[in-house]
Amino acid sequence: MKNTLLLITMLSIASFTLHAQNAEAIVRASRNRITADTVSTRSRMVIRARNGTTSERLIDQYSKDGPQGARTVIVFQQPASVAGTRFLTMENPSGVDDRWIFLPSLGRVRRIAASEGSGSFMGTDFSYDDISSTSRSADLDNHTFVREETYDGAVCYVIQSVPKDSSFQYSKMIQWITKDAHIITKIELYDRRNTLVKTVEMSDIRPTQGIQTVFVTKITTHAAGTSTTITNEIVRYNDPIPERVFTTAYLETGRAQ
């Protein structure tokens, strides 16, 4: 019996060590699992206040790989109060993403400084840093395997990711990544006092053009008692997207030609 228990213990330690060594590889696989060159979506955003009242926004999003990484543009279509607002983020493998926003009320493009990463994105529960958290380069964090557990019916790796750069607004992220398909289904975001600040939950995962696709993303800000839910109504992979879309000129004019 003692030998059996010893063998089980040794196997458990070996398994944990293997996962710990592969934590970064697991995160990297979750970031790289969609091999499409472009992604185009139309989504409905529902912002829920503490008192239960809601407001809706309709947004289009365009993403495309580039020489330095992914580029993403978000365009607000409705309601009239935010229509024409356009946001561009360009991945920077060596640090904080480059980000710009065009607000019709200002009539000009403004660069978002790295120090503004914790600011609310258009009055939602998403900060500027949150927008890129699920596509954040694996090289920017130190990753540690925590455990395996079942979440929302799927066996997941639970990985803790601690930013190497202190300019990132969170002290750590804990991610639930499905073991079979490397899909991120949950992220917990902690502040410098190690307090859970926000939780991001991904659901309604189904195949689109042969790719397992998340259709619902909900982010909850715990202290405020608010949440923002984005539901994809249209998802298309590999549709042509002109390069001009990923420029500040497009942000200002809304014209891709």
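Residues numbered from 1 in each chain as written. Predicted model: local features only at pLDDT ≥ 70, side-chain atom pairs only at ≥ 80, totals over all residues. Heavy atoms only, no water.

**Student:** Which parts of the structure should I look at to understand the overall build of the protein chain?
**Tutor:** Counting its regular elements, the protein chain contains three helices and 13 strands. Burial status across the protein chain gives 44% buried among its 257 residues. Within the protein chain, contacts between residues at least 6 apart in sequence are counted, and of these 42% link residues at least 24 apart. On the protein chain, roughly 13100 Å² of surface is accessible, and the fraction owed to carbon and sulfur atoms is 52%. (Helix = DSSP H or I, 4+ residues; strand = E, 2+ residues; numbered from the N terminus. Buried < 20%, exposed > 50% of the residue type's maximum accessible area, 1.4 Å probe, protein only. Contact = heavy atoms within 4.5 Å. Areas by Shrake-Rupley, 256 points an atom, 1.4 Å probe, with all protein chains shown as cover.)

**Student:** Can you help me understand the pattern of salt bridges in this one?
**Tutor:** Opposite charge on two side chains permits them to pair, given that their charged atoms come into close proximity. A full pass over the atoms with the stated rule returns 16 salt bridges. Notably, a salt bridge pairs Glu 148 with Lys 179, separated by 3.2 Å at the nearest N-O pair. Of the two residues, Glu 148 sits in strand β7 (residues 141-151) while Lys 179 sits in the loop between β9 (172-178) and β10 (184-190), which places them 31 residues apart along the sequence. In this structure, Lys 186 and Glu 188 form a salt bridge, with 3.7 Å as the shortest nitrogen-oxygen distance. Several salt bridges share partner residues, and in doing so they unite Glu 24, Arg 28 and Asp 139 into one network. (Salt bridge = Lys/Arg side-chain N within 4 Å of Asp/Glu carboxyl O.)

**Student:** Quick question: what am I supposed to make of the pairing of strand β2 (residues 54-66) here?
**Tutor:** Regular strands show a simple pattern: their side chains alternate between the two faces of the sheet. In this structure, strand β1 (residues 38-48) lies alongside β2, joined through eleven bridges in antiparallel fashion. Residue pairing across strands places Ser 40 opposite Tyr 62, the latter belonging to β2. Where β1 hands over to β2, the hairpin turn is made up of five residues, of which Gly 52 adopts a positive phi near 95 degrees. Judged from the nine bridges that link them, β2 and strand β3 (residues 69-78) form a sheet pairing that is antiparallel. Across the sheet, the residue bridging to Leu 58 is Gln 78, located in β3. (Pairing = 2+ DSSP bridges.)

**Student:** Would you mind showing me how to read the nonpolar core here?
**Tutor:** Nonpolar side chains in soluble globular proteins tend to be buried together. Core analysis: the biggest nonpolar cluster contains 33 residues, and Phe 76, Phe 87, Ile 101, Phe 121, Ile 159 and Ile 187 have the highest contact counts within it. Looking at this core, the elements that each hand over two or more residues are α1 (2-32), β1, β3, β8 (154-163), β9, β10, β11 (196-208) and β12 (211-221). Excluding its chain neighbours within four sequence positions, the residues that come into contact with Ile 101 are Thr 85, Arg 86, Phe 87, Arg 108, Val 109, Arg 110, Ile 112, Phe 121, Met 122, Tyr 128 and Leu 251. Of all hydrophobic cores here, the second largest spans ten residues; its members include Val 73, Trp 100, Val 245 and Phe 246. (Core = buried A, V, L, I, M, F, W, Y, C linked by side-chain atoms within 4.5 Å.)

**Student:** Please explain the side chain of Thr 89 as it appears in this structure.
**Tutor:** Structurally, the position occupied by Thr 89 is in strand β4 (residues 86-90). Contacts of Thr 89, omitting those with residues within four sequence positions, involve Ala 70, Arg 71, Thr 72, Asp 97, Asp 98 and Arg 99.

**Student:** Could you clarify how one ought to interpret the environment of Val 155 in this entry?
**Tutor:** Residue position: Val 155 is located in strand β8. According to the relative accessible area criterion, Val 155 is partly exposed, its value standing at 40%. Here the alpha-carbon distance between Val 155 and Asp 180, two residues 25 residues apart in the chain, equals 7.8 Å. Once residues lying within four places of it in the same chain are set aside, the contact partners of Val 155 are Glu 148, Glu 149, Thr 150, Ile 177, Thr 178 and Lys 179.

**Student:** So what exactly am I meant to see when it comes to the packing of aromatic side chains here?
**Tutor:** Counting across every chain of the model gives six aromatic pairs. Relative to Tyr 128, the ring of Phe 87 has its centre 5.7 Å away and its plane inclined at 35 degrees; by these criteria the two rings are tilted. Here the residue Phe 87 occupies a position in strand β4, and Tyr 128 occupies one in helix α2 (residues 128-131), the gap between them amounting to 41 residues. Ring pairing ties together the aromatic residues Phe 76, Phe 87, Phe 121 and Tyr 128, which thus form one cluster. The ring of Phe 215 carries Arg 206 above its face, with NZ or CZ at 3.7 Å from the centroid. (Phe/Tyr/Trp six-rings, centres within 6.5 Å; stacked < 30°, edge-to-face > 60°. Lys NZ or Arg CZ within 6 Å of the ring centre and 35° of its normal.)

**Student:** How do you make sense of the side chain of Asn 232 when you look at a structure like this?
**Tutor:** Relative to the assigned elements, Asn 232 resides in strand β13 (residues 226-237). Given a relative accessible area of 16%, Asn 232 falls into the buried group. Within the structure, the side chain of Asn 232 is placed 3.0 Å from the backbone oxygen of Val 214, a separation counted as a polar contact. Not counting chain neighbours up to four residues away, the residues in contact with Asn 232 comprise Thr 41, Arg 42, Ser 43, Val 214 and Phe 215. (Polar contact = N/O pair within 3.5 Å; in protein donor to acceptor, adjacent residues only side chain to side chain.)

By themselves, these figures tell us nothing about what the structure is for.
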